[in-house]
Amino acid sequence: MQGAGDTAKSFLGVEASLSGRKWVGPTADIDRHASAMAQQTGLPGVLCNVLVRQGVTPETAESYLAPQLRDLLPDPRSLRDMEKAAQRFLQAIKNRERIAVFGDYDVDGGASSALLLDYLRSIGLRATLYIPDRIDEGYGPNAPAMANLAADHDLIICVDCGTLSHEALAAATAADVIVLDHHLGGETLPPALAVVNPNRQDESGDLAHLCAAAVVFLMLVEANRQARAEGGATPDLLAMLDLVALATVADVAPLIGVNRALVRQGLTVMGKRARAGLVALSDVAKLDTAPSSYHLGFVMGPRVNAGGRIGQADLGARLLATDNPHDAAAMAERLDVLNTERREIEAAVRAAAIEQVESRDTSAPLIWAAGDNWHPGVVGIVASRLKETYNRPAIVIGFDGDDGKGSGRSVSGVDLGASIQKLASEGLLSKGGGHKMAAGLSLTRDMLAPAMERLSDLLEKQGAGTAGPADLKLDGMLMPAAATTELIEQLENAGPFGAGARAPRFAFPDVAIGFAKRVGETHLKINFGDGMGQRIDAICFGAMETDLGKTLLEHGGKRFHLAGRLELNTWGGRRSVQLRLEDAALAQ
């Protein structure tokens, strides 16, 4: 297989596409193994290319295409403190103790909180939900909140947070605390009864790809195991996998191993439309097809996040946890409005951030921007946009007076969370932490320049800054006649796709554009064919903001290579093949 240091040959001779990217196809090694797999299994060659790229062998292809949770779910007890956490949780249930759930304000925190509330409700118990305000309290547990909760509760469960919250957890003297988290741990653990976290420093790292909701789910699996042994109630956990799937995709956890099975099964559960909050969210977003990982990451996730970003911090968690359809509809409508407002705020901050970035060296290992009164709820999204644009780790910081709160996103192979944590340990940040692909930080204005300089140095040592614009990686070439609904269904079985498992992308070589029209303000729709009869519709979102859209709209009869992802378009009960166009190049 191709190594990280290999120089890939351009595919179809495209060194610089209309969006400035080099196209890279499968290596000779992948093609050879895919051909052998196709002969041995009878699967389509292009599907075999995708499978081989994912590390699948002919012997494992069948099980990979139909992942079973029972085969892939790890033993919960393989995580430290798991037995202890489940025992204390069940003790609180048995004694009908007062339980509080302290969650993060993002999708993973909301889904993790909802899992616990749902489980408890199914056996007739209630719990207090506490989500901190992003602006007033910041990320994670804080001492006043923990002390107040401890005064009125016997057990506090911190989800998607708490691993680095030593001082805050120490304030909860009157209650037991359990931490169910996945963020990178420090050298010492906080004062809690149990800290279940696959990213503790004393863990093997085998389950480091789990999001917090998956950790919570494993704790509930262990709780059911212990309860069953004692003849107690065991709620249906499979029905809760829709929440785990949403959190896994929205938190950009890699879709490998058990995560694939969790998301696949969770999407099936979600398709049954049994959870009031997700039904309301689907309806307000006008989803009329079966949910996919794309919908989780780009349609539902942003709406759930909107409350924590710019509105009421606990709105997303309450939506996911409610069993009342009327309440769910009202909360979903509110989140939809907040999401629209979030987009407007984000656009303004993004424009200002890009202006700053362009005034510096964009080939540096780190892209960063900071500004006064930039809303802390959107700095993470803007950092993600900068990372995608420049193919570099990115940090965006908003200052309120002398105090700044920022968020960062990384590129594959560069551990941003560890570097941010190192800066905090060196006193260059007031606070900081995260995981490989995302991190948060707090600092004062005079810390800004030295912190960014030091962070840039740390990231450069990991290889950041060596890449140009991200290559477009393709899985092969297709003729329009080969792009059938059957092929797309087979490709979907190799999914779900997302972080750590990129979606299949194909090139359609030397095609003619039949028509091209602008859709809305910024999108482009075209129809294309190769002259052999079969034609395909394609949609390119945001195309008219770039040279790509303008060139295709005014194609003048020229022929192009087109590249993107195949998908099924459902309209009026009929399904047709559609290309989600991502790039194009003039056919020579």
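The notes below deal with the structure included here. Please read all numbers here as calculations on a predicted model, not as lab measurements.

**Thoughts on a negative patch on the surface**
- A cluster of acidic residues, D400, D402, D403 and D446, forms a negative patch on the protein surface.
- A residue is classified by how much of its surface remains accessible, and D400, at 60% relative accessible area, is exposed.

**Focus on helix α7 (residues 143-152)**
- By the burial criterion, the buried members of α7 are A145, M146, L149 and A150. Summarising the axial view, the buried residues of α7 lie within an arc of 130°, below the 170-degree limit, and thus occupy one face. Exposed residues lying more than 90 degrees from the buried face of α7 are P144, N148 and A151.
- Residues of α7 that are buried make contact with β2 (99-103), β3 (128-130), β4 (155-159), α8 (166-170) and β5 (176-180).
- Capping of α7 at its N-terminal end is provided by N142; its side-chain oxygen lies 3.0 Å from the backbone amide nitrogen of A145.

**Digging into unusual backbone geometry**
- The omega torsion of the bond from G495 to P496 falls at 5°, within 30 degrees of zero and hence cis.
- In this structure, P496 sits in the loop between α19 (485-492) and β13 (506-519).
- Positioned with a positive phi, L12 is a non-glycine residue whose angle comes to about 55°.
- Tracing the backbone shows L12 in the segment before β1 (23-24).
- For L12, a relative accessible area of 30% gives the class partly exposed.

**Re the sheet that holds β2**
- Strands sit in the order β3-β2-β4-β5-β6 across an open sheet of five strands; the sheet is parallel. Bordering the open sheet on either side are β3 and β6 (194-196), each of which pairs with just one other strand. Between one strand axis and the next, the sheet turns by 15° as a mean value, whatever way the strands run.
- Relative to β3, β2 is paired through three bridges, and the arrangement is parallel. Residue pairing for β3: A100 is matched across the bridge by T128.

**Some details on the pattern of salt bridges**
- The full count for this structure, using the stated rule, is 32 salt bridges.
- A salt bridge links R98 to D154; the shortest N-O distance between them is 3.3 Å. Here R98, found in the loop between α5 (82-94) and β2, pairs with D154, found in the loop between α7 and β4; they are 56 residues apart in sequence, far enough to count as distant.
- Across the pair R275 and D242 runs a salt bridge whose closest N-O atoms are separated by 2.9 Å. In this pair, R275 is assigned in the loop between α11 (258-271) and α12 (276-284) and D242 in helix α10 (residues 241-250), connecting sequence segments 33 residues apart. For the pair shown, R275 and D242 are each scored as buried.
- Each of D75, R77, E83, E222 and R225 takes part in salt bridges that share partners, so that together they form one network.

Conventions and cut-offs
Residues numbered from 1 in each chain as written. Predicted model: local features only at pLDDT ≥ 70, side-chain atom pairs only at ≥ 80, totals over all residues. Heavy atoms only, no water. Patch = residues over 30% accessible without salt bridge, like charges linked within 9 Å, V, L, I, M, F, W, Y side chains within 5 Å. Areas by Shrake-Rupley, 256 points an atom, 1.4 Å probe, with all protein chains shown as cover. Salt bridge = Lys/Arg side-chain N within 4 Å of Asp/Glu carboxyl O. Lys, Arg positive; Asp, Glu negative; His and termini not counted. Charge placed at Lys NZ, Arg CZ, Asp CG, Glu CD. Buried < 20%, exposed > 50% of the residue type's maximum accessible area, 1.4 Å probe, protein only. Helix = DSSP H or I, 4+ residues; strand = E, 2+ residues; numbered from the N terminus. Arc of directions from axis to C-beta. Contact = heavy atoms within 4.5 Å. Polar contact = N/O pair within 3.5 Å; in protein donor to acceptor, adjacent residues only side chain to side chain. Pairing = 2+ DSSP bridges. Axes fitted to C-alpha atoms, helices over the stretch in contact; angles between N-to-C directions.

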